[in-house]
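Analysis of the macromolecular model
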Amino acid sequence: MTVVGFDFGTTNSLASVVVGNNVITFLEDEQPIPSVVSFEGGKVEVGRKAREKLTSAGLGVQGSTVRSPKTLLGREEQVIEGVRRDPVKMVEYILDHVRCFVLQTKAGRDLTMDRVVATIPVNMDGSRRALLRQAFRQAGMSVVQFVHEPLAALYGFLRMSEGTSDLIRRYDGKLLLVFDWGGGTLDLTLCRVLNGLLVQIANDGTEEVGGDVFDEELRNEVERRSRAEQGLGNEVEVLPEARKRLLHECEKAKIRLSDRSAWNVFVDPYYQDDNQSDLQINLTRDDLQDIVGHLVKKGVTRIERLLEEKGFSTASVELCLATGGMVNMPMVKNRLDELFGPGRVHVSKRSASAIADGAAWVAHDQARLHLAKNVELMLARNSYMPLLQAGVEMPIERENRRERFDLYCADPSDGHGKFSLVSPQRPGPRVLANDTRRPLCNMLLQVDGKARPFRERISLEVNIDENLVLTATAWSLNQKGSAVAEVHDLEFALATPGARNNWLNPSLLDADGDVSPSESGDLSMRSNIAASEDEELVPGEVLYRHNPFYFRVENNPPKIQVEEHLYYQPCAICRRASNDPLCKCGSLFENREQTSGRLTI
Amino acid sequence: MTTSGTPSNTPPISAEALTSATPSNEVLETEAERVAPGSEPIRSESSVEGTAEALKRDRAGKRAKSEPETLAQVFEYAYRRKGQPLTLKPKAEKQVALNVQLDELELSHILQLSKSDKLLAVPRQILLLSQQVRAFPSLRAALTSFVLNVMLTHPVFGDAGVQGALRNLPEGLQPADALARVANFEPSPNTEMGLMKGSDLRDLQCNAVNLFVAWLAVNRGLSSEELSALLFQVIWQPAVSDLADDNLRLAALTDLTQVAGVGLACHRFRQQAIEARAQQDQTQREATNLRDRLAAAEAQLSNSEEQLAAVELELEALQVSSAAEVEELRRQHAVDRTHLQHQLEQLRGRLVKRLTDSIEMLNVGLSALCKDTPRVPVMMERAEHVIDALRAEVQELREE
């Protein structure tokens, strides 16, 4: 059964499928299908017809029209023309429209179109992924696997290039930037090829510089210039629908100026004056640069900032894969060439379908997502226990990956077990103890506060479902407490064809960015969870209450535990609190500190 | 191992030789009497009494020195010999053949003589004599007819099945059965014959069997092998069962006097054994040959089956590979078809888009021209754009 690649994009949607060894992209008159749905007059219209009703840039609800309902997933029902509309249903309309379009083509009529690999934005969290899966299901398609859009584009580029395996070897360990500048959003993803796996390093995205914003800026400037030329004040109204036509003319002008030096924007009639005057403005490429140059600069700045944040220079990027309609603008292409050098910028010829094509190749190759970085549990005294190792395959449709652990609470005195799930910044299963960890989630579990340390058994289960959401559940077996937390932003790697996929015994992979253990201002939770019964993990003051003999000199207790114990004891001489600056008695002991680092009391 | 000739090559054996080769002691005793001519036979008939008997003795004594001249004299001579072999000189044969009729007195006398031969020792000799008479069929027929009459009237042959066998009637018993019945003859207890001594009865049975065998040899043309087989089956083999120990067997083997018959029978059996052995050897050779051929055929069959299996496997593999090739070709065809259809649709979509754009451009340009103040540049650049686009399209179509 053929699995189709489905790019449900912010601006446009389309499907692709690999037949034989070539990809077929289902374009409608050489264009993708706009991700727009309209509910005008109670009539549901999808795609190009709905898009023609748009009057301004921006995503979401515009009157009776919804642009990119994907962005509404996870929100409450929207009231459109007095009718409450479920975002999932809106998404379903578009998905179903694309599906029907594919099935009515001659090349697609033999497809069942009931299983897809769906692309998602990098920042789409787990709950929205679940809703998107539901929408696909309602439209008669089951999602075999989600794959992030930039990863899909990169995979498709590698797969469709000549000498794929050589190319992958060439890029091994190198940084690759996927640059998707479409009508609605600019998405940036920094990836690295590690042992044949495409690993995401960093992501960024904005809706502020989408192509539609360009069109809108252009339209406003054109109208301003027209009014100035014709001496019309702002009081002169514009005919109904004229502004919408001007917007489309501006979009065309933007495109025309890619291969022409000048273009006349002409809308007739435009103004609602006595003569019903038309609008005609001659735009040059320089004009366009003046009008939207700041937007291009803004977009390119995002690239520079992303690289800077991660400590990379533009020179360290081996390939900049540019997709999306906006990269065809000469000024964008020129700017990218300036940044990375012409040899390292690759503008996809099939920029509109690069993501869908990549998803189709992922589906064809049955390429699986892998966990890019370990998922660890922080233990008492700041050690880390791996819960899920980097490299493990992520579940696909109807699969779950579940692990269960038996743990102890080293300090139950406050009645809470404190769980902190973290992920190291360094990809791969081998990490250093002092690598920076990113907190994934924290949980507080009720435990028996009267119990001795390590007495009550607690369990932790981590489960990753088909929507790539990690759910951590902890139980205290005696106190009957439970705590649940979800992690929606796990980081994944995509296996390329022929990938060795052997992260089981890898060398230490390069870390990306800063590897300092923590940053200034970080607030971290002190975990009191232990994987084994070790009294050295118990805070000194707690252990003293349960086992004072532990601190006898002949037992040679660790210094840290002795200090912890003493910190909460009043000074034996002056009876002041241990942190009282007026207490100088501690200096008496300094001379008695032994070279072994242990204190003798 | 030597092989003898086929049975057809065996020399002819007289019925006398076989029927006199009785292995039993009683028969041997009789033969002992026979080889002592002139002595009183132990098993001869002793029931002839009175003057008639004396007269006969006189006659017999008188005629014993002269050759018989009539048939009655021949019979007298025969019965006087009491079962010993008979011979007739050719002159006597000729003389007797001139008068083969018996008058009443002679007939009565002969019948009386025949009845006196209770052990049936004489008729066989008469029958054998008849076979010596070759030049006078009438004499021969008279002798044979007499023997038949004697047999038919004797109680030993009184059984209907036996009589049928004698006369070669369809309802008669098979020779072996008839012989067995004769050999196992038991007289009625109340009759004169029933009072016979056991040895006499055995003699009678033996003589009757010999007579019957001789009769069958003469009238049915049984071969010597068949006669030997019949005798072995009916007389000789049952007699062996009486030899309970080695001593008796030694006595039986060393008491043989009429060795010619034994030798003949043994010669026949040996001949048969040799022939059977030869036949067996031949059969074994044929069997070995057939087994070899069978083994060769089986090997060939096995080889053929292996070849067949190999060919079938090859065929199957070919079928699988050809099916896979066909499937692959079909799949490739479907893929090509799909791609061609897609390319066609793409081409159509591209043309539609380009033409639609062009129409829209020209439409806008035309409306610009139609203004009170014609916007010529608008029309011109749109016309240029349309021309460029169409040229590009034409170029692209040519390249495709």
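Heads up: the structure comes first, above all this text.
Bear in mind the structure is a predicted one, so any value in this text is a computation, not a measurement.

This part covers unusual backbone geometry. Residues and elements named next belong to chain A. In the segment running from Asp 268 into Pro 269, the intervening peptide bond is cis, with an omega of -10 degrees. Of note, Pro 269 is situated in the loop between strand S16 (262-267) and strand S17 (279-284). A positive phi angle is found at Asn 195, which is not glycine, with a value near 50 degrees. Structurally, the position occupied by Asn 195 is in the loop between strand S14 (186-194) and strand S15 (197-206). Looking at Asn 195, the number of C-beta atoms within 10 Å reads 22, which means it is buried. In this structure, Arg 398 is a non-glycine residue whose phi angle is positive, near 60 degrees. For Arg 398, the location among the structural elements is in the loop between strand S22 (383-388) and strand S23 (401-409).

Let us look at the packing of helix H8 (residues 285-309) of chain A against helix H9 (residues 330-340) of chain A. All names here are of chain A. Taken N-terminus to C-terminus, the directions of H8 and H9 make an angle of 40 degrees; their axes are 10 Å apart at the nearest point. Along this stretch, H8 crosses H9, giving a crossing that reads as right-handed. Contacts from Gln 289, Gly 293, Val 296, Val 300 and Ile 303 in H8 reach Met 331, Val 332, Arg 335 and Leu 339 in H9. For the contact of H8 with H9, the per-class residue count stands at six nonpolar, two polar and one charged.

Before going further, it helps to examine the sheet that holds strand S18 (residues 317-323) of chain A. All names here are of chain A. Strand order in the open sheet formed by seven strands is S19-S18-S13-S14-S15-S29-S20, and the pairing between neighbours is mixed. Whereas interior strands pair on both sides, the edge strands pair on one side only; in this sheet they are strand S19 (345-347) and strand S20 (369-371). Taking the axes of each pair of neighbouring strands and ignoring which way they run, one obtains an average angle of 30 degrees across the sheet. Summarising the sheet, strand S13 (residues 175-181) and S14 pair through seven bridges and their orientation is antiparallel.

The next point concerns helix H6 (residues 104-116) of chain B. Residues and elements named next belong to chain B. Given a rise of 1.5 Å per residue, 13 residues ought to cover 18 Å, and the 18 Å separating the end C-alpha atoms of H6 matches this to within 8%. Considered for burial, the residues of H6 that qualify are Ile 110, Leu 113 and Ser 114. The arc enclosing the buried residues of H6, seen along the axis, measures out at 100 degrees, which places them on a common side. Summarising the geometry of H6, the exposed residues directed more than 90 degrees from the buried face are Glu 104, Leu 105 and Ser 108. The secondary structure elements touched by the buried residues of H6 are helix H4 (71-81) and helix H8 (137-153).

Contact residues are listed per partner, giving 19 residues for chain A and 20 residues for chain B. Secondary-structure elements contributing two or more residues to the side of chain A that touches chain B are strand S3 (22-25) and S16 of chain A. Counting residues per element, the side of chain A that touches chain B draws most heavily on S16(A), which supplies three residues. Among the residues making up the side of chain A that touches chain B, the classes are represented as six nonpolar, six polar and seven charged.

On to the pairing of strand S11 (residues 115-120) of chain A, then. Residues and elements named next belong to chain A. Taking burial as the measure, the six residues of S11 include five buried ones, the bulk of the element. Both strand S1 (residues 4-8) and S11 contribute to a ladder of four bridges, which runs parallel. Looking at the pairing, Gly 5 lines up with Val 117 of S11. Two strands pair when backbone bridges link them, and S11 and strand S12 (residues 142-148) are joined in this way by six bridges, in the parallel orientation. What sits directly across from Arg 115, in S12, is Ser 142. Each parallel crossover has a hand, and for S11 linked through helix H3 (residues 126-138) to S12 it is right-handed.

The next point concerns the sheet that holds strand S8 (residues 65-67) of chain A. Residue and element names in this part refer to chain A. Taken together, the four strands give an open sheet; going across it, the order is S6-S5-S8-S7, and neighbouring strands pair in antiparallel fashion. Among the strands making up the open sheet, the edge pair consists of strand S6 (45-46) and strand S7 (60-62). Here two bridges tie strand S5 (residues 36-38) to S6, and the two strands are oriented antiparallel to one another. Within S6, the position partnered with Ser 38 by the bridge is Glu 45.

Calculation notes
Residues numbered from 1 in each chain as written. Chains lettered and ligands numbered in written order. Predicted model: local features only at pLDDT ≥ 70, side-chain atom pairs only at ≥ 80, totals over all residues. Helix = DSSP H or I, 4+ residues; strand = E, 2+ residues; numbered from the N terminus. Buried ≥ 20, exposed ≤ 12 C-beta atoms within 10 Å, placed from the backbone. Axes fitted to C-alpha atoms, helices over the stretch in contact; angles between N-to-C directions. Left-handed = near helix turned anticlockwise from the far one by under 90°. Contact = placed C-beta atoms within 7 Å. Nonpolar A, V, L, I, M, F, W, Y, C, P; charged D, E, K, R; others polar. Pairing = 2+ DSSP bridges. Expected span 1.5 Å × (residues − 1). Arc of directions from axis to C-beta. Right-handed = clockwise from strand over helix to strand, strands pointing away.

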